[in-house]
Amino acid sequence: VLGIRNYALDGGSAAAAARVCTDDDGCFDIRTLAEQSREGEGDGSEAEASTSCSLFAFPAESNFSGVRYNLELLKQLKSKKCKVNGKSSSQEWFVLLDSAKACSTKPPDLSKYPADFVAISFYKIFGYPSGLGALLVRKDSAEILNRRYFGGGTVQVSVAEENFFRRRPDEDGWEDGTLPFLSIQALQSGFEQINKLSFPKIESHTKTLTTYTANKMREMKHSNGRSVCELYGRHCEVSLQEEEKFQFETGQGPVIAFNVLRSDSSYVGYREVETLGEACEIVLRTGCHCNPGACSTYLKLKPEETKANFENGHVCWDDKDVMNGKPTGSVRISFGYMSTFEDADSFLQFIERTFAEAAPKRSLEPCASPSGPVLKGIFVYPIKSCQGFKVNSWPILESGLLFDRKWAIADENGFMISQKNDPKLAQIETLIDMNSRALHLRATGMASLCSSIDEKSALKSGVESWLCEFTGKKYQLLENQSTDKNFSNRGGCLLVSTESVREILGETGHSLKPLDSACMQFRPNLLVEGGLPFQEESWKRFSVGGNDFEKTLECSRCGMVSIDQKDGKKKYKSLLLALSKKKSGLKFGIICAFRSKKGSILTDASPV
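As the structure is a computational prediction, the values presented were derived from the model and not from experiment. (Residues numbered from 1 in each chain as written. Predicted model: local features only at pLDDT ≥ 70, side-chain atom pairs only at ≥ 80, totals over all residues. Heavy atoms only, no water.)

Caption draft 1: Quick look at the overall build of the protein. A tally of regular secondary structure across the protein gives 16 helices and 34 strands. Along the first, second and third principal axes, the C-alpha set of the protein runs to 80 × 70 × 55 Å. Per-residue burial over the protein gives 43% buried out of 608 residues. For the protein, long-range pairs separated by at least 24 residues make up 67% of all intrachain contacts whose partners lie at least 6 apart in sequence. For the protein, the exposed surface amounts to about 32600 Å²; the carbon and sulfur share of it is 50%. Across the protein, 77 positive and 78 negative side-chain charges occur, with their mean positions spaced 4 Å apart. (Helix = DSSP H or I, 4+ residues; strand = E, 2+ residues; numbered from the N terminus. Buried < 20%, exposed > 50% of the residue type's maximum accessible area, 1.4 Å probe, protein only. Contact = heavy atoms within 4.5 Å. Areas by Shrake-Rupley, 256 points an atom, 1.4 Å probe, with all protein chains shown as cover. Lys, Arg positive; Asp, Glu negative; His and termini not counted. Charge placed at Lys NZ, Arg CZ, Asp CG, Glu CD.)

Caption draft 2: Main features of the sheet that holds strand β21 (residues 389–391). Spatial ordering of the open sheet is given by β21-β20-β30-β29-β33-β32-β31, a layout of seven strands whose pairing is mixed. The open sheet has two edge strands with one neighbour each: β21 and β31 (541–544). The average angle at which neighbouring strand axes cross in this sheet is 40°, direction not considered. The pairing of strand β29 (residues 493–497) with strand β33 (residues 587–594) spans three bridges and is antiparallel. Residue pairing in the sheet places Leu 494 in a bridge with Ile 591 of β33. Against the sheet, helix α14 (residues 498–505) contacts β20 (374–380), β29, β30 (526–529) and β33, and its axis sits at roughly 60° relative to β29. (Pairing = 2+ DSSP bridges. Axes fitted to C-alpha atoms, helices over the stretch in contact; angles between N-to-C directions.)

Caption draft 3: The arrangement of the side chain of Ser 399 in detail. Mapping Ser 399 onto the fold places it in the loop between β22 (393–397) and β23 (400–401). Taking the relative accessible area as the measure of exposure, Ser 399 reaches 9% and is therefore buried. When near neighbours in sequence (up to four residues on either side) are disregarded, Ser 399 contacts Thr 483, Asp 484, Lys 485, Asn 486 and Gly 492.

The structure is reproduced here in structure tokens:
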């Protein structure tokens, strides 16, 4: 909806976000917020406004919170009974109803609420096929539409040398190119399933699940009595007096949008919740859910705060989930006809076990190592997400350790693959022989591969053939040509302390033994031993055997921590959960940049 307003602005019209209120006589009142227009386009006169047509777009159900809206507004707009900014309006209104979310459980009755245009999503109704939807257009409303672009199959005739064409009538003039007929064919099975179940039964089932889960979440408390979850939407009973405030909001759909709170009422970032859910094989939707209006309203984010967050580096899909003490998005769960109480209970157990804080236990002060920290291990990972190898000494460059993450694996479309996409990568052993300057690959059931790193074409084709045979997938090998960075997510070297890992293991309930194996779950380049747990996080500049480093940031952890770095199986979700108990934001280990002269050598057992 926000995107299409640019068409209005480009055409010289005004556009505005709005809030809907009700007055004493039962009429809806649309209150516009910060009306926008292009300078010099349209004179904005009352005469022009009275003769023009206007479009009001709103959802039947919010995809952010699941709140359902009163469709009587639609009828009032069409009958010109609705007010705009407190005044009666004689304008002719067309209504675009976004029913994508509502159609999954409670589709609107278009005979009762005659919207001009209705957007629906088959993916949200059936769960398949993705990316397929439809726009319903009333025939008498289609006449006002003035479409400029035309594509294949939408015209009766066109002349290349002149601006002459005739569009096909009705819907044929809107369907550009070849329709996804294979996906459309799958819809029949979806409709048959819906007809067997019926929407009233689906609505009853999902409402029961949503109410049950929301009530349990509201009841969930920390040991100090504070809430674990902050819910958005209409998940609580309202009094008659409060009901008057919600006349435009008429109910709650099968969605729970929420954020998790710590015992001090500070927010747990939604990205951290998502990562921990992934470790427990629970998929959560996080962020603003492509609905910035609802997001800013529920999270109380002012426009200037949203713009300031952007100026400070926050964009959609990143991990800046809490800024200046406020969340930048939320976590969302949804229920459909296939959802069960077992699903709901699994989710509730995950939230309670992971985030509900018990009374603090008395703990002993950690004992420092009698000597300062020393470098215990140097590890090089030539191919991103494959196994690394340990060395006693190794060259270090501006980009980090020589050949570290020099290569990465990608699919046919160039999308980089990690263990999260293909856990089999964890089974691939790598080694670089500096004497022969060769890359070695080895895996169970496969013949070893040895290829010169100086013969790039032969290396690429050899590794790609080997990967295809091992994984059964057509992967390509990417090589990083840069001298100052590698394929690591954050660049530089990753330093991890054994003392910090030992501290985390105390929270797991079962230890990974030996300690070295647990350390390797975090895939360090530099493993140090000695000192206090988490002492490394306070380092700003430090040296290793005379080589200077500077801490650039702490490493944000993801679900790869729970993947066994030998066989690729998810065995250690308790490790990630234990980390969340010790460290907010799931940050562990430090990324450090090399600051000494080029051509230096790092040596094992060097003092830090």
